[in-house]
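Coordinate analysis (summary)
Below are the chains, spelled out letter by letter.
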Amino acid sequence: IPAEVGLAYCNKLFFLEKQFRDLTPEERKDRCLETEVPVWESFYAWLEQLNPVKRSKLEKAVIYAKNHKETLLFKAKDIKGAVDNTVDYSSLTSD
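Residues numbered from 1 in each chain as written. Predicted model: local features only at pLDDT ≥ 70, side-chain atom pairs only at ≥ 80, totals over all residues. Heavy atoms only, no water.

1. Brief notes about helix H2 (residues 25-49)
Note the threshold: Strands here mean DSSP runs of E at least two residues long; helices mean DSSP runs of H or I at least four residues long; both are numbered from the N terminus. Here the expected length of a helix is defined as 1.5 Å per residue gap, with one fewer gap than residues. Note that the bend at a residue is defined as the angle between axes fitted to the seven residues ending at it and the seven residues starting at it.
The first and last C-alpha atoms of H2 sit 34 Å apart over 25 residues, in line with the 36 Å expected at 1.5 Å per residue. Taking the largest bend as the criterion, H2 deviates by roughly 40°, centred on Cys32.

As structure tokens, then:
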């Protein structure tokens, strides 16, 4: 089921990010490049193979993901990049 596969990709990305939360921004960037970027690339390769029914929720999700590919890949390659933007918010708070 495509929705389950897509969810598995998302869960993998969230899992990886949790592993990197305590790293410095530079270490996080290195780890993201090593681990998250390949997941995104695999996700988009899988996405290209889908042929969703016209006007279905799956088609809307596929179109959304394709329209935001560059933004998502940039975020993964950015030092503060994160799928879960609470990581970004935490860097803005002061103790």
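That was the structure; now back to the text.
2. A short note on the nonpolar core
As a reminder, the rule being used: Buried Ala, Val, Leu, Ile, Met, Phe, Trp, Tyr and Cys residues form a nonpolar core when they are joined through side-chain atoms within 4.5 Å. Relative accessible area decides the class of each residue, using a 1.4 Å probe on protein chains only: under 20% of the type maximum gives buried, over 50% gives exposed, and in between gives partly exposed. Throughout, a contact is declared for two residues whenever any of their heavy atoms are within 4.5 Å.
With 17 residues, the main nonpolar core has Trp40, Phe43, Tyr44, Trp46 and Leu47 as its most contacted residues. At the level of secondary structure, the elements contributing two or more residues to this core comprise helix H1 (2-20), H2, helix H3 (57-67) and helix H4 (69-77). If you tally residues by element for this core, the top one is H2, at eight residues. Leave out the neighbours within four places in its chain, and Tyr44 touches Ala65, Lys66, His68, Lys69 and Leu72.

3. Quick word on the packing of H1 against H2
Defined as follows: Here the axes come from fitting lines to C-alpha atoms, over the contacting stretch only for helices, and the angles between their N-to-C directions go from 0 to 180 degrees. Between 65 and 115 degrees an angle is taken as roughly perpendicular, under 35 as roughly parallel, over 145 as roughly antiparallel, and anywhere else as oblique. All amino acids are sorted into three groups, where Ala, Val, Leu, Ile, Met, Phe, Trp, Tyr, Cys and Pro are nonpolar, Asp, Glu, Lys and Arg are charged, and the leftover types, Gly among them, are polar.
Between H1 and H2, the shortest axis-to-axis distance is 10 Å and the interhelical angle comes to 175°. On the basis of their axis angle, the class for H1 and H2 is roughly antiparallel. Residues Pro2, Val5, Gly6, Tyr9, Lys12, Leu13, Leu16, Glu17 and Phe20 of H1 form the contact with H2, whose participating residues are Arg28, Arg31, Cys32, Thr35, Glu36, Val39, Trp40, Ser42, Phe43 and Trp46. Across the contact of H1 with H2, the residue classes tally to 11 nonpolar, three polar and five charged.

4. A short note on the packing of aromatic side chains
Put simply, the rule is: Pairing of aromatic side chains here covers Phe, Tyr and the six-membered ring of Trp, requires ring centres within 6.5 Å, and sorts the geometry by plane angle: under 30 degrees stacked, over 60 edge-to-face, intermediate tilted.
Tallied over the full model, the rule gives six aromatic pairs. Look at Trp40 and Phe43: their rings are 6.0 Å apart centre to centre, the planes differ by 85°, and that puts the pair in the edge-to-face class. One end of the pair is Trp40 and the other is Phe43, both in helix H2 and three residues apart, which spans about a single turn.

Spatial relationships are all this shows, so hold off on functional conclusions.
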